[in-house]
Amino acid sequence: QVQLAESGGGSVQAGGFLRLSCAASGYNYGINVMGWYRQAPGKQRELVASIARGGSASYADSVKGRFTISRDNARNTVSLQMNSLKPEDTAVYYCNIKFEAAWRPEFWGQGTQVTVSS
């Protein structure tokens, strides 16, 4: 079993910044991709950013240039630096991990609320 502990959500005004962090514990050997998703009220969950074990990162078009994802493989942590936040970034943000072994299920964090006011 794997546990994901998220931190760093909160409320901020437009133009501000927040940093989300997620730490994986438990049977966390062989993590491949770590990522952040978000879900706004009435909308589907969407991928915000992901990063592979080797460091290759990808971003949703809506956050490119504003968000930066990073990871520490030794500590099994992933972070999301969010700058120039907009009201449309308001959502619950979820940490997600996928393993190299295809037979292992993916895991989700409990979610952390990010609220950006105009």
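The text that follows walks through the structure, step by step, so that each part is easy to find. Small disclaimer: the values here were computed from a predicted structure and weren't measured.

### As for the side chain of Arg71
As for its position among the elements, Arg71 is in strand 7 (residues 67-72). Buried within the structure, Arg71 lacks any salt-bridge partner; its nearest side chain of opposite charge belongs to Glu100, at an N-O separation of 7.4 Å. A distance of 2.7 Å separates the side chain of Arg71 from the backbone oxygen of Asn32, its partner in a polar contact. A polar side-chain atom of Arg71 sits 2.6 Å from a polar atom in the side chain of Asn73. Contact partners of Arg71, with chain neighbours within four places excluded, come to Ile31, Asn32, Val33, Met34, Ile51, Ala52, Arg53, Thr77 and Val78.

### Focus on the environment of Leu4
Turning to its location among the elements, Leu4 is positioned in strand 1 (residues 2-7). Of the residues examined, Leu4 reaches a relative accessible area of 10% and is grouped as buried. Put simply, Leu4 and Gly26 are 22 residues apart on the chain and 8.9 Å apart in space, counted from C-alpha to C-alpha. Here Leu4 is in contact with Cys22, Ala23, Ala24, Cys95, Asn96, Ile97, Phe107, Trp108, Gly109 and Gln110, once residues within four sequence places are set aside.

Here is what the cut-offs are and how they apply
- Residues numbered from 1 in each chain as written.
- Predicted model: local features only at pLDDT ≥ 70, side-chain atom pairs only at ≥ 80, totals over all residues.
- Heavy atoms only, no water.
- Helix = DSSP H or I, 4+ residues; strand = E, 2+ residues; numbered from the N terminus.
- Buried < 20%, exposed > 50% of the residue type's maximum accessible area, 1.4 Å probe, protein only.
- Lys, Arg positive; Asp, Glu negative; His and termini not counted.
- Salt bridge = Lys/Arg side-chain N within 4 Å of Asp/Glu carboxyl O.
- Polar contact = N/O pair within 3.5 Å; in protein donor to acceptor, adjacent residues only side chain to side chain.
- Contact = heavy atoms within 4.5 Å.

Purely geometric numbers; function is a separate question.
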